[in-house]
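Structural characterization, general
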Amino acid sequence: MKAKQLLIGLVTILMASCQSVEKMIDTGHYDSAVIKSAKKLKGKKKLKTKYVTALEEAFVKATERDINLVKRLAASERSEDWASILDLYHQIDRRQEGILPLLPIVSKDGYEANFRFVKVAKLIAAAEDKFTDYLKLEAISLLGEGRQGDKRAARNAHSRFERYLAYQPTDQEVKRLRNEALALGMVHVRVNVDNYTGQLIPRQMHNELVSQGLPKSSWIAYSLDHKAKADFEIRILLDRIEVSPEQVRESLEQRVAEIEDGEQVILAASGVPVTDSLGNELTEKRYVDVRAEVLTVEQFKSTLLIGEIVCRNLASNESDHLPIHSEVIFDHTASAYRGDERALKPTDTKALRYDVLPFPDDQAMFSDALSRISPIIRDKISESVFL
């Protein structure tokens, strides 16, 4: 949805940029007209009257529109509207600051544009006071819900306290409340890894499994302490591994190819060489069959790690069971030949680069499967309805 809105916005800007300033004003695109007119006037000595008058008209109409909207919002007496009012004042201020460096603006015909600026500094300060009062009251109300166990409300309170502190960074009371909201909004998760596969998990690999297999969030605190106080518990159960037998398949194939092998004299049916009009013997390319035997050795072994993630809400005892698996395959092909190399196919020569390899042992393949399962675990946990 956001991408669609961005696309619509870009298309609107592009269409507006192709319009004349008069058309922009007629269609209510005042700020676009201000920007385009100012761009046409900036750095020029002889200013075109149409851009001077367009800038003046668009500026006046844009300012009137914003002031009227501020009045309507203020009349509603809704505290949440102060954010919009503050944005409008900042918009007026940016528009005025963009024109100031161009003043005075006099066209080559002698017409001087007249701009009446709004003194917005005090209005912005007053709107900020109203807005921050609203933020603080809203945050305190949400914090009250957070104290009753609503973590989402606590997180929203933290967000509003942060916005408040952007305007009032020295308010120590709000800093304390913000920290309280942060603590109340945190989700504490106890993590256990239970290995029933019979294979050893090295300590470093265990730590990587936990650190890389858990979703990252500033609102989630994980603990490997089995007795730690927590809101949720995640159990990563590695149930079993299924290892296929080491399979070796050999095949011997014949290769025959017809190749060019120099030239030979063309003979008539009588066995006499054929000559041209000058008596020179005529020749042609000679082809011969070459042969080779190719021995191909295919090696195969697979290891499948199967498990489950159990996400449990410790307060309600509800749980979510998420199956996981990771497969590692050792698949290798090597070849050797006997005979004439020219008889070989391109696929044969590629396989000749490799020798038969020793099969990886079960522990090595288990470790490989374990390293690949971390992102799978992370994605599965992110899908859980309990986190």
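Preceding this paragraph is the structure being described.
As the structure is a prediction and not an experimental result, all values here were calculated from the model.

**Considerations on a nonpolar patch on the surface**
Residues Leu100, Leu103 and Phe117 make up a contiguous nonpolar surface patch of about 220 Å² in total accessible area. Examined against the element boundaries, Leu103 turns out to sit in the loop between α5 (82-99) and α6 (121-147).

**Brief notes about the packing of aromatic side chains**
Tallying each qualifying case throughout the model produces five aromatic pairs. Judged by centre distance (5.2 Å) and plane angle (85 degrees), the rings of Phe59 and Phe115 are edge-to-face. With a gap of 56 residues between them, Phe59 in helix α4 (residues 49-76) and Phe115 in the loop between α5 and α6 connect regions that are remote in the sequence. Comparing Phe59 with Phe115, the two get one shared label, buried. Seen in terms of ring centroids, Phe131 and Tyr167 are 5.8 Å apart; in terms of plane orientation they differ by 90 degrees. Their pairing is edge-to-face. In this pair, Phe131 sits in helix α6 while Tyr167 sits in helix α7 (residues 151-167), placing the two residues 36 residues apart along the sequence. An aromatic cluster is defined as three or more aromatic residues linked by ring pairs; in this entry it consists of Phe59, Phe115 and Phe117.

**What to know about the environment of Ser302**
Inspection of the secondary structure puts Ser302 in strand β5 (residues 283-313). Owing to a relative accessible area of 11%, Ser302 belongs among the buried residues under this scheme. Taking the C-alpha atoms as reference points, Ser302 and Phe366, 64 residues apart in sequence, are found 9.9 Å from one another. In contact with Ser302, not counting residues within four places along its chain, are Glu242, Val243, Ser244, Glu327, Val328, Ile329 and Met365.

Rules behind the numbers
Residues numbered from 1 in each chain as written. Predicted model: local features only at pLDDT ≥ 70, side-chain atom pairs only at ≥ 80, totals over all residues. Heavy atoms only, no water. Patch = residues over 30% accessible without salt bridge, like charges linked within 9 Å, V, L, I, M, F, W, Y side chains within 5 Å. Areas by Shrake-Rupley, 256 points an atom, 1.4 Å probe, with all protein chains shown as cover. Salt bridge = Lys/Arg side-chain N within 4 Å of Asp/Glu carboxyl O. Helix = DSSP H or I, 4+ residues; strand = E, 2+ residues; numbered from the N terminus. Phe/Tyr/Trp six-rings, centres within 6.5 Å; stacked < 30°, edge-to-face > 60°. Buried < 20%, exposed > 50% of the residue type's maximum accessible area, 1.4 Å probe, protein only. Contact = heavy atoms within 4.5 Å.

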